[in-house]
Amino acid sequence: MNLFQIDHIGIAVPSIEAALPFYQSTLGLSVIHDEVIQDQQVRAVFIKVGESTVEPDSPIAIFLQKKGPGMHHIAYAVADIEQKLAEAKSAGFRLIDEKPRPGGHGKIIAFLHPKDTFGVLTELCQRID
Ligand code: ZN
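The structure presented is a predicted model; accordingly, all values stated were derived computationally and were not measured. (Residues numbered from 1 in each chain as written. Predicted model: local features only at pLDDT ≥ 70, side-chain atom pairs only at ≥ 80, totals over all residues. Heavy atoms only, no water.)

Student: I'd like a description of the nonpolar core, backed by residues and values.
Tutor: Among the nonpolar cores identified, the biggest contains nine residues, and these are Ile 11, Val 13, Ile 16, Ala 19, Leu 20, Tyr 23, Val 45, Ile 47 and Val 54. Of all elements in the fold, only helix H1 (16-26) and strand E3 (42-49) reach the threshold of two or more residues within this core. If one sorts the elements of this core by residue count, H1 sits on top with four residues. (Core = buried A, V, L, I, M, F, W, Y, C linked by side-chain atoms within 4.5 Å. Buried < 20%, exposed > 50% of the residue type's maximum accessible area, 1.4 Å probe, protein only. Helix = DSSP H or I, 4+ residues; strand = E, 2+ residues; numbered from the N terminus.)

Okay, here's the thing in structure tokens:
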């Protein structure tokens, strides 16, 4: 698959306001981006941790109802998301997104089905800015 780095880890939280003091005050991390992704009806905040980011997402209603707050997905940076999706599909992975969609913070994203990725919702993302 040739993924070159973990781009970010998504954490589902019921309220970003309630979660931010943990990341900012307790862990001492900085918010680098805050955006409502209209397409997904999600507010995503990106928090820098070295070369990676943590992305608390809210609301992810169905996930939160079923599982409560917690790790939601892991996102790998790829150079060519269309090609990676085609490779994953031909290797038999179920795609949640057949086509990349806007992911916020200057990226396009697509998810692979967690049933085929050992229980971890897996996002591919490509920087477009
Ligand atoms: Zn993400």
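Here the narrative resumes.
Student: So what's going on with the environment of Gly 28? Which residues, and what values?
Tutor: In this structure, Gly 28 sits in the loop between H1 and strand E2 (30-37). Remark: the alpha-carbon pair of Gly 28 and Ile 11, spanning 17 residues in sequence, is separated by 17 Å.

Student: With reference to specific residues and values, describe the pairing of E2.
Tutor: Across seven bridges, the pairing between E2 and E3 is antiparallel. Looking at E3, one finds that Val 36 is bridged to Arg 43. The antiparallel pairing of E2 with E3 creates a hairpin that spans four residues between the two strands, and Gln 41 there sits at a positive phi of about 55°. (Pairing = 2+ DSSP bridges.)

Student: Go over the environment of Gly 92 with me, naming the residues and quoting the values.
Tutor: The residue Gly 92 is located in the loop between helix H3 (81-90) and strand E6 (101-104) in this model. You can call Gly 92 exposed: its relative accessible area is 54%. In sequence terms Gly 92 and Asp 116 are 24 residues apart; their C-alpha atoms lie 8.6 Å from each other.

Student: Outline the packing of aromatic side chains, supporting the account with residue identities and numerical values.
Tutor: Counted under the stated rule, the structure contains one aromatic pair. With 5.0 Å between their ring centres and 70° between their planes, Phe 22 and Tyr 23 make a pair best called edge-to-face. You can call Tyr 23 buried: its relative accessible area is 9%. (Phe/Tyr/Trp six-rings, centres within 6.5 Å; stacked < 30°, edge-to-face > 60°.)

Student: A description of the pairing of E6 should follow, citing residues and the corresponding values.
Tutor: One ladder, built from three bridges, connects E6 with strand E7 (residues 107-112); its direction is antiparallel. For Arg 101, the partnering residue across the bridge sits in E7 and is Ile 109. The antiparallel hairpin formed by E6 and E7 contains two residues in its connecting segment, where His 105 sits at a positive phi of about 55°.

Student: Which residues make up H3, and what are the values?
Tutor: Among all positions in H3, only Ile 81, Lys 84, Leu 85 and Ala 88 are buried. Down the axis of H3, the sector holding all buried residues measures 100°, keeping them to one side. The N-terminus of H3 is capped by Asp 80, whose side-chain oxygen sits 3.3 Å from the backbone nitrogen of Glu 82. Looking one or two places after H3, you find Gly 92, whose phi comes out positive at around 100°. (Arc of directions from axis to C-beta. Polar contact = N/O pair within 3.5 Å; in protein donor to acceptor, adjacent residues only side chain to side chain.)

Student: Let's hear about the side chain of Glu 123: which residues, and what values?
Tutor: Among the structural elements, Glu 123 can be located in strand E8 (residues 122-127). Of the side chains with opposite charge, Lys 107 comes closest to the buried, unpaired Glu 123, at an N-O distance of 6.4 Å. A polar atom in the side chain of Glu 123 sits 3.4 Å from the side chain of His 8. Apart from the residues within four sequence positions on either side, Glu 123 is in contact with His 8, Glu 55, His 73, Ile 74, Ala 75, Tyr 76, Ile 109, Ala 110 and Phe 111. (Lys, Arg positive; Asp, Glu negative; His and termini not counted. Salt bridge = Lys/Arg side-chain N within 4 Å of Asp/Glu carboxyl O. Contact = heavy atoms within 4.5 Å.)

Student: So, the pattern of salt bridges: which residues are in play, and what are the values?
Tutor: Counted by the stated rule, this structure contains eight salt bridges. Between Glu 82 and Lys 99 there is a salt bridge, with the nearest N and O atoms lying 3.5 Å from each other. Of this pair, Glu 82 sits in helix H3 while Lys 99 sits in the loop between H3 and E6; the two residues are 17 residues apart in sequence, bridging distant segments of the chain. What you see here is one network of salt bridges that share partners, running through Glu 17, Asp 34 and Arg 43.

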